[in-house]
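Coordinates in review
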Amino acid sequence: DMNAKAYQLGQRDILFFDAQNELYPTNSIKQFFHFLKFSGINGHIKFAHAHDQCSLHENINIKENIIIETLTSESAISNANDFEDYVKSMKNTYLQRLIKRIYPLDRFPYQLNKEEKKIAILIKSLLAPCDYIFLDNPESNLNDGNLNIFKQSLIFESYYSNKSVLISSMDKRSWLDMATK
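Residues numbered from 1 in each chain as written. Predicted model: local features only at pLDDT ≥ 70, side-chain atom pairs only at ≥ 80, totals over all residues. Heavy atoms only, no water.

1. A short note on the packing of aromatic side chains
- Enumeration over the complete set of coordinates arrives at 9 aromatic pairs.
- Aromatic side chains Phe47 and Phe134 sit 5.0 Å apart centroid to centroid with 25 degrees between the ring planes, which places their arrangement in the stacked category. A residue pair is termed long-range when its members are at least 10 positions apart, and Phe47 in strand β2 (residues 47-50) and Phe134 in strand β3 (residues 132-136) qualify at 87 residues.
- Classification of Phe134 by relative accessible area gives buried; the value is 0%.
- A cation over a ring is seen here: Lys151 above Trp175, with NZ or CZ 5.7 Å from the ring centre. (Phe/Tyr/Trp six-rings, centres within 6.5 Å; stacked < 30°, edge-to-face > 60°. Helix = DSSP H or I, 4+ residues; strand = E, 2+ residues; numbered from the N terminus. Buried < 20%, exposed > 50% of the residue type's maximum accessible area, 1.4 Å probe, protein only. Lys NZ or Arg CZ within 6 Å of the ring centre and 35° of its normal.)

2. Regarding the nonpolar core
- Counting residues in hydrophobic clusters, the biggest one holds 37 residues, and the most contacted among them are Ile123, Leu135 and Leu154.
- At 7 residues, the largest contribution of residues to this core is made by helix α5 (residues 114-127).
- Counting 9 residues, the second largest nonpolar core, distinct from the first, contains Phe32, Phe35, Leu36 and Leu166. (Core = buried A, V, L, I, M, F, W, Y, C linked by side-chain atoms within 4.5 Å.)

3. As for the packing of helix α4 (residues 93-100) against α5
- The contact between α4 and α5 brings their axes to 10 Å, and the two run at 145 degrees. Where α4 crosses over α5, the two elements pack in a sense that is left-handed. Between α4 and α5, the contacting residues are Leu95, Leu98 and Ile99 on the first element and Ile119, Ile123, Leu126 and Leu127 on the second.
- In terms of residue class, the contact of α4 with α5 is built from 7 nonpolar, no polar and no charged. (Axes fitted to C-alpha atoms, helices over the stretch in contact; angles between N-to-C directions. Left-handed = near helix turned anticlockwise from the far one by under 90°. Contact = heavy atoms within 4.5 Å. Nonpolar A, V, L, I, M, F, W, Y, C, P; charged D, E, K, R; others polar.)

4. Considering α4
- By the burial criterion, the buried members of α4 are Leu95, Gln96, Leu98 and Ile99. Buried residues of α4, viewed axially, fall in a sector of 160 degrees; they line one side.
- Where α4 begins, the capping side chain belongs to Asn92, and its oxygen is found 3.1 Å from the backbone nitrogen of Tyr94. (Arc of directions from axis to C-beta. Polar contact = N/O pair within 3.5 Å; in protein donor to acceptor, adjacent residues only side chain to side chain.)

Following this line, the structure appears as structure tokens:
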């Protein structure tokens, strides 16, 4: 429709994408980028993407996996000790709780179960220096308790870090209570 207005994506928006579109099958990252383009977002897009096929770097421990993804030129997190201090100083207490779920952080990815790996991947996306977080089936491999902690930490990060979150999931019920639009 030529008269249709583009959706205005704002900071702090949490949007849900229906992943069960059988009419137009596509992968979620492609959906996210089309949506951003339709919303008038152009140019370089700083984003984090967490999905079921994400992996952790096998040759470094969990703490280093998280640090390597969160480093920026102005980052205060430059080593493991700084990271411990950073976690203690976080305002997002839900994210602190999520990080504690994967302690000790000096373990390697092969030493984690599926849920711990998923939590580490989600933490990396929350801490990434980005404007958008794309989540593809973020609830998979999480028990209800960890999912609820993640949801609360996601709401906090979205609001206080001015990040827009785009969620694609096969389980609508898990996310509809969070959608802001």
